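Take a look at the letters that make up each chain.
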Amino acid sequence: MTITPEILIGELLRIDAEGIAPILMEAGMHCVGCPASQGESLAEACMVHGMDCDTLVASINQYLASKEA
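How each quantity is defined
- Residues numbered from 1 in each chain as written.
- Predicted model: local features only at pLDDT ≥ 70, side-chain atom pairs only at ≥ 80, totals over all residues.
- Heavy atoms only, no water.
- UniProt positions renumbered as here; feature names shortened; annotations may be inferred.
- Helix = DSSP H or I, 4+ residues; strand = E, 2+ residues; numbered from the N terminus.
- Axes fitted to C-alpha atoms, helices over the stretch in contact; angles between N-to-C directions.
- Parallel < 35°, antiparallel > 145°, perpendicular 65-115°, else oblique.
- Left-handed = near helix turned anticlockwise from the far one by under 90°.
- Contact = heavy atoms within 4.5 Å.
- Nonpolar A, V, L, I, M, F, W, Y, C, P; charged D, E, K, R; others polar.
- pLDDT = per-residue confidence, 0-100.

## Side note on the UniProt feature "domain: DUF1858" (unreviewed entry) in the chain
- When the UniProt feature table is mapped onto this chain, "domain: DUF1858" (unreviewed entry) is found at residues 3-57.
- The distance separating the terminal C-alpha atoms of residues 3-57 is 7 Å; by composition the span is 56% helix and 0% strand.

Structural data, given as structure tokens:
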């Protein structure tokens, strides 16, 4: 599975909350439990938090790839 910036935060957390939530939190996105974030795309959340979305997407995809290996 490959994550894109268009994925919703809620969908992303349903894929693997235990592994992905810490990545988001470490990046400074501490609102992962916020109801509003559930309908927000990763790109939108990164824009709001002033983050580089490509870097965050790469980190999540790297985590998912290591989990599949």
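Continuing now.
## Describing the packing of helix 1 (residues 9-26) against helix 3 (residues 53-68)
- Direction vectors running N to C along helix 1 and helix 3 enclose 115 degrees, while the axes themselves pass 11 Å from each other. Relative to helix 3, the element helix 1 lies roughly perpendicular. In this structure, the crossing between helix 1 and helix 3 has a hand that is right-handed. Here helix 1 contributes L12, I15, D16, G19, I20, I23 and L24 to the contact with helix 3, which in turn contributes L56, S59, I60, Y63, L64 and K67.
- In terms of residue class, the contact of helix 1 with helix 3 is made up of 9 nonpolar, 2 polar and 2 charged.

## Description of the environment of M1
- Tracing the backbone through its elements, the reader meets M1 in the segment before helix 1.
- Considering only alpha carbons, one finds M1 and I15, 14 residues apart in sequence, at a separation of 9.7 Å.
- Look past the residues within four positions of M1 in its chain and what remains in contact with it is I15, N61, L64 and E68.

## Focus: the confidence of the model for the chain
- On average, the chain scores 91 in pLDDT, and the residues at 70 or more come to 100%.
- Within the chain, helix 3 carries the highest mean pLDDT (95), whereas helix 2 (residues 42-49) carries the lowest (92).

## Focus on the packing of helix 2 against helix 3
- For the pair helix 2 and helix 3, the least separation of the axes is 9 Å and the interaxial angle reads 130 degrees. Taken together, the axes of helix 2 and helix 3 are oblique relative to one another. At the point where helix 2 passes helix 3, the crossing takes the right-handed sense. Packed against helix 2, whose contacting residues are L42, A43 and C46, the element helix 3 presents C53, L56, V57 and I60 at the interface.
- The residue inventory of the contact of helix 2 with helix 3, partitioned by class, reads 7 nonpolar, no polar and no charged.

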